[in-house]
Amino acid sequence: MLDADRHALSASVYHQALGIKERELANLTDYLTNIGTQSAFMFGFGVGMFSVEIPEDTPKYLTYLYYAFATTCLGAEMYCLSNSTLCTILAPTIALNGPRGSVHA
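The present account deals with the structure reproduced in this document. Just so you know, these numbers come straight off a predicted model, no measurement behind them.

Things to note about the overall build of the protein
Along its length, the protein carries 2 helices and 0 strands. For a compact globule of 105 residues, the expected C-alpha radius of gyration is about 13 Å, and the protein comes in at 24 Å, more than 25% above that figure. When the backbone C-alpha atoms are referred to their principal axes, the protein occupies close to 90 × 15 × 15 Å. In the form shown here, the protein has an accessible surface area of approximately 8,100 Å², with 68% of it arising from carbon and sulfur atoms.

A few points about the packing of aromatic side chains
Taken as a whole and judged by the stated rule, the model has 3 aromatic pairs. Ring centres 5.4 Å apart and planes at 70° place the aromatic pair Tyr66 and Tyr67 in the edge-to-face group. For Tyr66, a relative accessible area of 27% puts it in the partly exposed group. Here Tyr67 falls in the partly exposed class, since its relative accessible area comes to 30%. Every member of this aromatic cluster is reached through a ring pair, and the members are Phe50, Tyr66 and Tyr67.

Comments concerning the side chain of Ser39
Structurally, the position occupied by Ser39 is in helix α1 (residues 2-48). Those residues in contact with Ser39 that lie beyond four places of it in its chain are Glu77, Cys80 and Leu81.

A closer look at helix α2 (residues 60-97)
With 38 residues, α2 should cover 56 Å at 1.5 Å per step; its first-to-last C-alpha distance of 55 Å lies within 8% of that length. Maximal helix bending in α2 amounts to about 30°, located at Leu90; proline Pro92 follows within four positions. Residues Thr63, Ala70, Leu74, Glu77, Leu81, Ser84, Pro92 and Ala95 constitute the buried set of α2. Of the surrounding secondary structure, the elements contacted by the buried residues of α2 are α1.

Some points on the pattern of salt bridges
Overall, the coordinates contain 1 salt bridge when judged by the stated rule. Where Arg6 meets Asp3, a salt bridge forms, and the shortest distance between an N and an O atom there is 2.6 Å. Note that Arg6 and Asp3 are positioned in helix α1 at a spacing of 3 residues, about one turn of the helix.

A closer look at the packing of α1 against α2
Running from amino to carboxyl end, α1 crosses α2 at an angle of 155°, the nearest separation of the two axes being 8 Å. Considered as vectors, α1 and α2 are oriented roughly antiparallel to each other. Both α1 and α2 take part in a crossing whose hand is left-handed. Along the contact surface, α1 presents Leu25, Thr29, Leu32, Thr33, Ile35, Gly36, Ser39, Ala40, Met42, Phe43, Gly46 and Val47, while α2 presents Leu74, Glu77, Met78, Cys80, Leu81, Ser84, Cys87, Thr88, Pro92 and Ala95. Considered class by class, the residues forming the contact of α1 with α2 number 14 nonpolar, 7 polar and 1 charged.

Cut-off values and rules
Residues numbered from 1 in each chain as written. Predicted model: local features only at pLDDT ≥ 70, side-chain atom pairs only at ≥ 80, totals over all residues. Heavy atoms only, no water. Helix = DSSP H or I, 4+ residues; strand = E, 2+ residues; numbered from the N terminus. Rg over C-alpha atoms; globule rule 2.2 N^0.38 Å. Areas by Shrake-Rupley, 256 points an atom, 1.4 Å probe, with all protein chains shown as cover. Phe/Tyr/Trp six-rings, centres within 6.5 Å; stacked < 30°, edge-to-face > 60°. Buried < 20%, exposed > 50% of the residue type's maximum accessible area, 1.4 Å probe, protein only. Contact = heavy atoms within 4.5 Å. Expected span 1.5 Å × (residues − 1). Bend = angle between axes of the 7 residues up to and from the residue. Salt bridge = Lys/Arg side-chain N within 4 Å of Asp/Glu carboxyl O. Axes fitted to C-alpha atoms, helices over the stretch in contact; angles between N-to-C directions. Parallel < 35°, antiparallel > 145°, perpendicular 65-115°, else oblique. Left-handed = near helix turned anticlockwise from the far one by under 90°. Nonpolar A, V, L, I, M, F, W, Y, C, P; charged D, E, K, R; others polar.

Keep in mind these values describe shape, not function.
Below, the structure written as structure tokens:
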């Protein structure tokens, strides 16, 4: 009887801890979703940088520098967007389908 009570208490504590971890995981998922949304929004502005007409009298090195920064900006935004999307989709699935203790990141 004492062993059964110990197992029931252990399961209850584990269930309560798992509820706390589930709320933390939900907060992290919301955080990463917001980062991905902002990154997609900024990516739209980055694409718009390529449609700007540069005056003809602008030196070539400034034109190249402008396009280099615009390309770097697009690459960084795409990196942020892809990482936040992958983490938002895969992290809860891996944590919840894994073995006991896999939610503890």
